[in-house]
Structures are given as C-alpha cells and as structure tokens.
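Given next are the chains, with one letter for each unit.
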Amino acid sequence: MNRNTNLDRRIWALAWPLLLSNATAPLLGLVDTAVVGHLSSPVFLAAVALGGNVFMFLYFSFNFLRMGTTGFTSQARGAGDNTLVVLLRALLLSFSIGVALILLQPALRELSLWLLGGSDEVQTLARDYINLRILGAPAALANFALIGFAIGMHNTRVPLKMTLLMHSSNALLDVLLVQVWHFDVRGVAAASAAAEYIGLAGGLFWLRRHIFGDAWRTLPRHLLLQAAPMMRLMAVNRDIFLRTVALLTVFFFFAAQGARLGDTTLAANAVLITFLLLLSNTLDGFANAAEALVGDALGRGRTTELHQAVRRTGLWTLIVAVIALIGFALGGVPLIHLLSDLPAIRDTATHYLPWMLLLPLTASAGFWLDGVFVGATLAREMRNTMLVATLLFFPMWWLTRPLDNHGLWLALNLWMASRGLLMAWVWRRRGFV
C-alpha cells in the first residue's frame, strides 16, 4: 500500500500541472466559441469551426513532435544520457515543417475547404481564418517539441506555464480583435497565431536551465545530426504521424458530414466537440504522467516499476472518467448555453447532448493507453491499432447513416471504444501484463 501511495504521489505531482495545462485548451475553445457565437449570425461560428478543424488536422498531424520527444527524452533521462540532443533535433524538425506549411498553405487551404464543404459564405470566412492563422505554424510545432521535452524531463510545470501564457494572451487578443475592433473570424485567427509565438518565447525562457546548463556544456555536438539516431527519431515520428493522421481523418470526416447536414448542425456539433476536448485534455494529464513514468522505467530497465506505473495511471484515468460523466450529466445544458445564445444552435446541441454522456465510457481507455505506448515508444503498434480502428469507423458510419447526426455521434463513440480495446489487446500480447 505504501508503494502505491508513493507512486500515486508521483503520478499526481506529474499530472496536476498537466491537468491544469490541458484544461486551458478547451477553455480557449470556449472563449473562441463564445466570442464568435455571440455575433449576429451562425455563419461566423460555423466558419471558425471549419477553419479550426483544418488546423486541428494540420497541427495535430505533427503531434509526433510532442509525443516522440517525450518518449525519447524520458528514456534518455532514465538511462543517464544527454537529453538536449533530443530537443534540438525535434526543434530543427519543427521549424522546417512549420515553414513548409506556410509555403504550401494555398494548396492545403483549398483542398481542406473542398473536403469539408459548407456554404459559400462560411467557406469565404474560413478562408480568411486560414490565411492568417497559418503564420503561427513554426511556433506552434516548436511548442510541441518544447512541451514534449519538458514532460520527458518530469518538469511538468513548464507546459502549464506555457499553456497558460498562450491561452490567456489568445483570449485577451480574441476579445480585443473581435469584440472591440470587430475583425470577426480574422481576429480569432490572428490572436491564435500571435499567441503561439508568445508561448514559444515563454517556453524557451522557462526551460533555459535545461537547455543552457550542464546539458549544453556536455552536448555531443557531433552526434546532433548523426544519421542513425535521427533516422530512429524519424521512424518513430513517421509511425506516430500516420497514427495521428488516421485519428484526425475521423474528426475531419465527422466535421465534413456535419457540414453536409447544414450550418446549424455543423455549429451545434462544434459546441458539442468542446465536451470531447474537455474530456481528452483532462485525461491526457494522466496519459502524460504515464509517458514520463513508463519511459523512465524502461530507460532504467525496471519492469516492476513499469507495471506499477501502467496500473496506477489506469486507475486514476477510470476515476476521472466517472467524474467527467457526472459533470457532463449535470452541467451539459448550462455549458451549451454559455457557448452560444443563438436558439437554433442551443436547441440542436441539447438534442444531441446524451451522446456526450457516453464519451467518458468509450474514450478513456484509448487516451490512457496512448500515454503508455508513447512512453514505451511503441509507435508502430500505435499506428497499427489506430489504422484498424479507423478502417472500422467507416463501415460503422455507413450502417448508422439513416440516423443522420445521431448516427454520426454513435459511430464516433464506437470508434473510440474500438481504439481502446485494440490497444489493450496489443499491450497484453506484448507480455507487459
């Protein structure tokens, strides 16, 4: 019992800053949605939802920069190796991809909007949003690397500080640019891009001791661009990239199908997706703790500590999922009313609210096991389970098409559940339990 108590303390020491940090992401979504949702027409909210889905797909397709950096950093820390090499490689990759996204923006924008659909007015506004927000890409991807490095170093307060800085500045700029200076969706996009650079500056400042301390003085500079470790980093990142693309393909498809059901349904689904963001960002606190603890245990070669880290983070994930279910049941309607005062959006979102009560039951295992697999750098297994679950999603959606938006939400819940079950099966077959 004492061993479990000490481990629980370590888990919470890692998790609580990440819980607060992750909680600010949907809170930012709440500010974006509330600021635009109170404008004169639902097309503004629909446009931000459309443009936001484009960046969710673009940026989180490269979330391997966070995940891969965490896994390699935590294992290097456990083995006593220089961790700064991992960060510098990740930052180099981040800036390169960010600049490439800016250069490819016109083609990416038109392809994305063609796939997502929506009315002409919504697409025009979404195009303005994308044109401005893409300018923050280099900083956004570099922030992934910095946050991943900090988690791998068990310094989880830095992601909290970075996220609070980014989201508070974003919220302030949202209000100024949209409510005061009336830049509608362009104001939301500009606020997001500027906040990414503000967060990057803060992250470099708060990690200065890790970057410019002993690790810098002992940095094996000749190893920085060595082919073998860089190729290993790229291989893991490639698999996590493919896994993330598969995951975001489902959400992209979900948004596109909602758009085809009308602007009001699209906007209502955007409001309801906030529930999923609240859940995922809360549970990710324990997934991130699992990443750090599992990677550290593997780096030290301590199998018993590995098993304990997996089991205790899983238990806390389950407890928080139950709390989230109760919170959604009691606070769902007030949250919808907070996000929009347009009667059509409120009524439509409330009609589909019961599907949100299933999310804590269907999604929690997948979020938790993501962290376990990242810490163990089981990138190929993450990729394969996600690809199988995604292939299952489309037949499930096809079978539920007669239910319209109800069927869309049912298929999403079934996909979430299948992902967790597949990962649990793979973990067991690997002999870790």
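In the block above lies the structure referred to throughout.
Residues numbered from 1 in each chain as written. Predicted model: local features only at pLDDT ≥ 70, side-chain atom pairs only at ≥ 80, totals over all residues. Heavy atoms only, no water.

Asks: Give a detailed account of a positive patch on the surface, specifying residues and quantitative values.
Replies: Taken together, the side chains of Arg 157, Lys 161, Arg 208 and Arg 209 present a region of like positive charge at the surface. Of all the secondary structure elements, the ones that give two or more residues to the positive patch are helix 8 (157–180) and helix 10 (208–212). One can find Arg 208 in helix 10. (Patch = residues over 30% accessible without salt bridge, like charges linked within 9 Å, V, L, I, M, F, W, Y side chains within 5 Å. Areas by Shrake-Rupley, 256 points an atom, 1.4 Å probe, with all protein chains shown as cover. Salt bridge = Lys/Arg side-chain N within 4 Å of Asp/Glu carboxyl O. Lys, Arg positive; Asp, Glu negative; His and termini not counted. Charge placed at Lys NZ, Arg CZ, Asp CG, Glu CD. Helix = DSSP H or I, 4+ residues; strand = E, 2+ residues; numbered from the N terminus.)

Asks: Explain a nonpolar patch on the surface to me, using residue names and the numbers behind them.
Replies: A cluster of nonpolar side chains, namely Val 175, Val 180, Trp 181 and Phe 183, defines an oily patch on the protein surface of about 370 Å² accessible area. Topologically, Val 180 is positioned in helix 8. We classify Val 180 as partly exposed; its relative accessible area is 45%. (Buried < 20%, exposed > 50% of the residue type's maximum accessible area, 1.4 Å probe, protein only.)

Asks: Help me get a handle on the pattern of salt bridges, residues and values and all.
Replies: With the rule as written, the count across this model stands at 11 salt bridges. With its nearest N and O atoms 2.7 Å apart, the salt bridge here joins Asp 8 to Arg 312. Pair noted here: Asp 8 is in helix 1 (residues 2–37) and Arg 312 is in helix 14 (residues 303–339), with a separation of 304 residues, a long-range link. The buried category is assigned to Arg 312, whose relative accessible area is 18%. Of the charged contacts in the structure, one is a salt bridge between Arg 109 and Glu 110, with a shortest N-O distance of 2.6 Å. For Arg 109, a relative accessible area of 15% puts it in the buried group. By relative accessible area, which is 32% here, Glu 110 ends up partly exposed. Through salt bridges with shared partners, a single network forms among Arg 109, Glu 110 and Arg 127.

Asks: Can you tell me about the side chain of Ser 418, naming the residues and giving the values?
Replies: Along the chain, Ser 418 turns up in helix 18 (residues 405–429). Each residue touching Ser 418, except ones within four places of it in the same chain, is listed here: Ala 389 and Leu 392. (Contact = heavy atoms within 4.5 Å.)

Asks: Give a description of the packing of aromatic side chains that names residues and reports values.
Replies: The description of an aromatic ring pair uses the distance of the two centres, along with the angle that the planes make with each other. A full pass over the atoms with the stated rule returns 18 aromatic pairs. Ring geometry for Trp 12 versus Trp 316: centroids 5.3 Å apart, planes at 85°, classification edge-to-face. With Trp 12 in helix 1 and Trp 316 in helix 14, the pair connects residues that are 304 residues apart, well separated along the chain. For Trp 12, a relative accessible area of 30% gives the class partly exposed. With a centroid separation of 6.1 Å and an interplanar angle of 85°, the aromatic rings of Phe 253 and Phe 393 are classed as edge-to-face. With Phe 253 in helix 12 (residues 227–260) and Phe 393 in helix 17 (residues 379–400), this residue pair connects regions lying 140 residues apart in the sequence. Comparing Phe 253 with Phe 393, the two get one shared label, buried. Aromatic ring contacts, followed pair by pair, group Phe 251, Phe 253, Phe 393, Phe 394, Trp 397, Trp 398 and Trp 415 into a single cluster. (Phe/Tyr/Trp six-rings, centres within 6.5 Å; stacked < 30°, edge-to-face > 60°.)

Asks: Run through the environment of Ala 324, naming residues and quoting values.
Replies: In this structure, Ala 324 sits in helix 14. Taking the C-alpha atoms as reference points, Ala 324 and Asn 170, 154 residues apart in sequence, are found 26 Å from one another. Excluding its chain neighbours within four sequence positions, the residues that come into contact with Ala 324 are Leu 279 and Pro 360.

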